[in-house]
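One letter stands for each residue in the lines below.
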Amino acid sequence: MPLTPTGRLVADAAAAGRGVAAFNVITVEHAEAIAAGAERAGLPVILQISQNAVKFHGGRLGPIAAATAAIAELSTVDCALHLDHVEDPALLRQAPAHRFGSVMYDGSTLPYAENVAATRDAASFCHEHGLWLESELGKVGGKDGAHAPGVRTDPDEAREFVAATGVDALAVAVGSSHAMTSRSASLDHVLIERIAAAVGVPLVLHGSSGVPDEQLAAAVRAGMVKINIGTALNIAGTGAVRTVLAADEKLVDPRKYLAPARDAMADTVAHFLTVLAGR
């Protein structure tokens with residue numbers, strides 16, 4: 001079926017009181033696993049490609065975007081295509097041509113006033129081209145180096161930021177951290193409720209791989225809607241690869257280990273989607 005606009009999936013999830021997961025695509029196998037896992041769960045999903053993934057593919061957005069879009073369109077569930085953690089304005093401007101329904105512009109490393117100005121420009125471009133824009137305030141830990149523990153997004157500043165920039169969704173710092181390999185993060189659910197009440201746009205949780213299931217479910221109840229998950233897929237996929245290769249040191253056919261990796265990632269996708277749907 002045709003790609004579904006990201007904004008529609010997020011709005012539908014918010015109206016239904018559930019979360020919608022956005023999973024990171026690095027390889028074609030990631031995209032196939034995300035679509036397969038969503039079909040197993042019978043739930044919509046967002047497939048997202050980050051600026052770092054584009055760098056991995058030699059700085060070329062087109063091939064991985066085209067492959068991901070084609071896989072998404074063959075799915076039996078609603079799928080959206082999202083360009084994630086974009087810091088380069090030139091990359092952001094490529095989004096319309098490659099059929100993305102949304103972009104996350106990341107100015108979180110900039111001073112506040114510069115972040116506002118740059119994000120406002122990004123929002124203007126995206127809205128002119130029919131794209132939904134997510135941004136970030138209150139740097140989430142673990143990205144480009146750890147930041148001081150305990151940093152959190154201020155609700156009043158978040159309100160001002162959304163009003164000044166016109167973003168459609170806001171990623172906030174509430175206790176999660178990117179690239180966690182253990183599920184031990186503890187979220188500030190009271191803060192989530194305060195920010196949700198203040199901003200009037202859907203909230204996004206980054207670094208969700210490190211958050212336990214019950215904490216994710218509580219975060220959705222508190223006001224989180226779009227839930228980003230990346231590292232959990234890599235843990236599942238890499239674990240399957242290690243198991244297969246350890247069993248046969250002569251194995252050289254990548255299909256023999258990529259297929260189990262894809263299946264393991266699909267199982268992980270289905271699990272997270274089910275948790276976020278409150279099932």
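Residues numbered from 1 in each chain as written. Predicted model: local features only at pLDDT ≥ 70, side-chain atom pairs only at ≥ 80, totals over all residues. Heavy atoms only, no water.

### Describing the environment of Val241
To be explicit about the condition: Per the convention used, a helix needs a DSSP run of H or I reaching at least four residues, while a strand needs a run of E reaching at least two, with both numbered from the N terminus. The criterion used for residue contact is that any of the two residues' heavy atoms lie within 4.5 Å.
If you trace the backbone, Val241 turns up in helix 10 (residues 231–247). For the pair formed by Val241 and Leu258, sequence separation is 17 residues and the distance between their alpha carbons is 6.8 Å. Setting aside anything within four residues of it in sequence, one finds Val241 in contact with Tyr257 and Ala261.

### What about the pattern of salt bridges?
Going by this rule: Salt bridges are identified by distance alone: a Lys or Arg side-chain nitrogen within 4 Å of an Asp or Glu carboxyl oxygen. Under the scheme applied here, a residue whose accessible area is under 20% of the maximum for its type counts as buried, over 50% as exposed, and between as partly exposed, the area being computed with a 1.4 Å probe on protein chains only.
Counted under the stated rule, the structure contains seven salt bridges. Notably, a salt bridge pairs Asp267 with Arg40, separated by 2.3 Å at the nearest N-O pair. Taken together, the positions of Asp267 in helix 11 (residues 254–276) and Arg40 in helix 2 (residues 28–41) put the pair 227 residues apart, joining distant regions of the chain. A residue is classified by how much of its surface remains accessible, and Asp267, at 46% relative accessible area, is partly exposed. Between Asp253 and Arg255 there is a salt bridge; the shortest N-O distance is 3.1 Å. Of the residues examined, Asp253 reaches a relative accessible area of 22% and is grouped as partly exposed. Several salt bridges share partner residues, and in doing so they unite Arg40, Asp263 and Asp267 into one network.

### Some points on the UniProt feature "binding site: Zn(2+) 2" (unreviewed entry) in the protein
Where we set the bar: UniProt positions are given in the numbering used here, feature names are shortened, and annotations may be inferred rather than shown by experiment. Pairing of N or O atoms within 3.5 Å defines a polar contact, subject to two protein rules: one partner must be a possible hydrogen donor and the other a possible acceptor, and residues neighboring in sequence count only if both atoms are side-chain atoms.
Taking the numbering used here, the UniProt-annotated feature "binding site: Zn(2+) 2" (unreviewed entry) corresponds to Asp106 and Glu136. These annotated residues cover 31 residues of sequence, but their C-alpha atoms sit close together, with the largest distance between any two at 6.0 Å. Residue position: Asp106 is located in the loop between strand 4 (102–105) and helix 6 (112–128). If you trace the backbone, Glu136 turns up in strand 5 (residues 132–137). Within the local environment of Glu136, its side chain forms a polar contact with the side chain of Ser108, the two groups lying 3.4 Å apart.

### Concerning the pairing of strand 2 (residues 45–50)
For the record, the criterion: Between any two strands, pairing holds if DSSP finds at least two bridges. Throughout, right-handed denotes a crossover for which the path from the first strand over the helix to the second runs clockwise when the strands point away from the viewer.
Burial of strand 2 is extensive: six of the six residues sit out of reach of the surface. Residues Val45, Leu47 and Ile49 point to one face of strand 2 and Ile46, Gln48 and Ser50 to the other, with burial holding for every one of them. Relative to strand 2, strand 1 (residues 20–24) is paired through three bridges, and the arrangement is parallel. If you follow Ala22 over to strand 2, its bridge partner there is Ile46. The handedness of the strand 1 to strand 2 crossover, carried by helix 2, is right-handed. Bridge count for strand 2 against strand 3 (residues 79–86) is six bridges, and the pairing is parallel. Note that in strand 3 the partner of Ile46 across the bridge is Ala80.

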